[in-house]
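# Residue-level structural notes
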Amino acid sequence: MSYNSQAAAAYKETSVKTASPGSLILMLYTEGIKEINLAISKMRVPKIPAKDIEPINNHIIKAQEIITELMAALDMEIGGEIAANLLSIYSYFNQQLLTANLKKDYKPLLDVSSMMQELYDVWKQIFSQPIPQRSEVSVGVNIAG
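Rules used throughout
Residues numbered from 1 in each chain as written. Predicted model: local features only at pLDDT ≥ 70, side-chain atom pairs only at ≥ 80, totals over all residues. Heavy atoms only, no water. Patch = residues over 30% accessible without salt bridge, like charges linked within 9 Å, V, L, I, M, F, W, Y side chains within 5 Å. Areas by Shrake-Rupley, 256 points an atom, 1.4 Å probe, with all protein chains shown as cover. Salt bridge = Lys/Arg side-chain N within 4 Å of Asp/Glu carboxyl O. Helix = DSSP H or I, 4+ residues; strand = E, 2+ residues; numbered from the N terminus. Core = buried A, V, L, I, M, F, W, Y, C linked by side-chain atoms within 4.5 Å. Buried < 20%, exposed > 50% of the residue type's maximum accessible area, 1.4 Å probe, protein only. Contact = heavy atoms within 4.5 Å. pLDDT = per-residue confidence, 0-100.

### Quick word on a nonpolar patch on the surface
The grouping of V122, I126 and F127 at the surface amounts to a nonpolar patch, some 240 Å² of accessible area in total. Counting through the fold element by element, I126 comes out in helix α5 (residues 107–128).

This is the structure:
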């Protein structure tokens, strides 16, 4: 591994280790979308060359691993209905990825990529909002009259 490759890997590792939970979610979405789009680009040909079968498989498996990480990050108690809905969406994504990989058909990947981009945009908007701070002043009732 070259010095530049080692430096890039070290930078990426440090970025992940020091990122906020929101940034980690955005990183997962970014990487998942990238992997899916790489698979699409190799599959969007009349006949997939034999040399591209393994890389396509690898891109799709990486995307599945990322979606599994997103599933594992859900807190079903705190997240309630939203977490349950995301779990269903992520399960759908994994099913579509499996179908695309088995059939070597890029069309299911288009849907997943598009939906992941929409979710990324929503999460990005959520994480860019300032977190409301709890007031240090307590509001009470004056019982002294």
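### Considering the nonpolar core
Ranked by size, the top nonpolar core spans 28 residues in total, and within it Y29, I36, M43, Y90, L109 and M116 carry the most contacts. Within the residue set of this core, elements represented by two or more residues are α2 (21–43), α3 (50–73), α4 (76–103) and α5. Ranked by residues supplied to this core, first place goes to α2 with seven residues. Ignoring any residue separated from it by four or fewer positions in sequence, one finds L109 in contact with I36, A39, I40, M43, I60, L97 and A100.

### Details of the environment of K124
With respect to the helices and strands, K124 occurs in helix α5. Each C-alpha atom, one on K124 and one on I25, is 9.2 Å from the other, the two residues being 99 residues apart in sequence.

### Looking at the confidence of the model for the protein
Residue-level pLDDT values for the protein average 86, and 78% of them are 70 or greater. Per-element mean pLDDT across the protein ranges from 57 in helix α1 (residues 3–18) up to 97 in α3. This model gives residues 137–143 a pLDDT under 50, and the stretch forms zero contacts once residues within four places in sequence are excluded.

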